[in-house]
Amino acid sequence: MEWIFIVAIIGFIAWRMMGSKNVPSINTQDLKNVLQDGSKQFIDVRTPAEYKGRHIKQFKNMPLNTLPNQLAKLDKEKETIVICQSGMRSSRACQILKQAGFTNVTNVRGGMSQWNG
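These remarks concern the structure in this document. Keep in mind that what you see is a predicted model, and the values were worked out from it rather than measured. (Residues numbered from 1 in each chain as written. Predicted model: local features only at pLDDT ≥ 70, side-chain atom pairs only at ≥ 80, totals over all residues. Heavy atoms only, no water.)

## Brief notes about the overall build of the protein chain
- Of the regular secondary structure elements, the protein chain holds 5 helices and 5 strands.
- Reading the helices (α) and strands (β) of the protein chain from amino to carboxyl end gives α-β-α-β-α-β-α-β-α-β.
- Among the 117 residues that make up the protein chain, the fraction classed as buried is 39%.
- Within the protein chain, residue pairs in contact and separated by at least 24 positions form 66% of the contacts whose partners lie at least 6 positions apart.
- Split by element, the accessible area of the protein chain, about 7200 Å² in all, is 57% carbon and sulfur. (Helix = DSSP H or I, 4+ residues; strand = E, 2+ residues; numbered from the N terminus. Buried < 20%, exposed > 50% of the residue type's maximum accessible area, 1.4 Å probe, protein only. Contact = heavy atoms within 4.5 Å. Areas by Shrake-Rupley, 256 points an atom, 1.4 Å probe, with all protein chains shown as cover.)

Okay, here's the thing in structure tokens:
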């Protein structure tokens, strides 16, 4: 019976670690190479308090719960790179963006918890 519990936990962790379907991801090291690219837009979907505590200056704060109401502020034609604390909220944000017609969306895997900048 214990092995079922262990398999369930491993399965849940693996499911949470997988990125969004059809959404590419980059790690924080690769992110450093694209931060100065003016053709991209950068969105941080953490809360304002999290953002205020520590953020990457190129990222605009658009908390996940307000993102659907702020889509008009974004350019659907630009690549949109999304970050959060761990990669989970940004993964959800990428799905919201894709459903709204954004075609070039990238999730930052590991989020700010992996950022060394």
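That was the structure; now back to the text.
## So, the pairing of strand E2 (residues 40-44)
- Most of E2 is tucked away: 5 of the 5 residues are buried.
- Because side chains alternate across E2, one face comprises the buried residues Lys40, Phe42 and Asp44, and the other comprises Gln41 and Ile43, equally buried.
- Bridge count for E2 against strand E4 (residues 79-83) is 5 bridges, and the pairing is parallel. In the sheet register, Gln41 faces E4, and the bridge partner there is Thr80.
- For E2 and strand E3 (residues 60-61), the ladder comprises 2 bridges, and the chain directions are parallel. (Pairing = 2+ DSSP bridges.)

## Points about the packing of aromatic side chains
- Applying the stated criterion to the full structure yields 1 aromatic pair.
- For Lys32, the ring lying beneath its charged end belongs to Trp115, and the centroid distance is 5.5 Å. (Phe/Tyr/Trp six-rings, centres within 6.5 Å; stacked < 30°, edge-to-face > 60°. Lys NZ or Arg CZ within 6 Å of the ring centre and 35° of its normal.)

## Section: the sheet that holds strand E5 (residues 105-108)
- Read from one edge to the other, the open sheet built from 5 strands follows the order E1-E5-E4-E2-E3, with strand pairing classed as parallel. Among the strands making up the open sheet, the edge pair consists of strand E1 (25-26) and E3.
- Pairing between E4 and E5: 3 bridges, direction parallel. Following the sheet pairing, Ile81 is matched in E5 by Thr106.
- Across the sheet, helix H5 (residues 88-99) touches E4 and E5, and the angle it forms with E5 is around 175°. (Axes fitted to C-alpha atoms, helices over the stretch in contact; angles between N-to-C directions.)

These results come straight from atomic positions and should not be treated as a statement about function.
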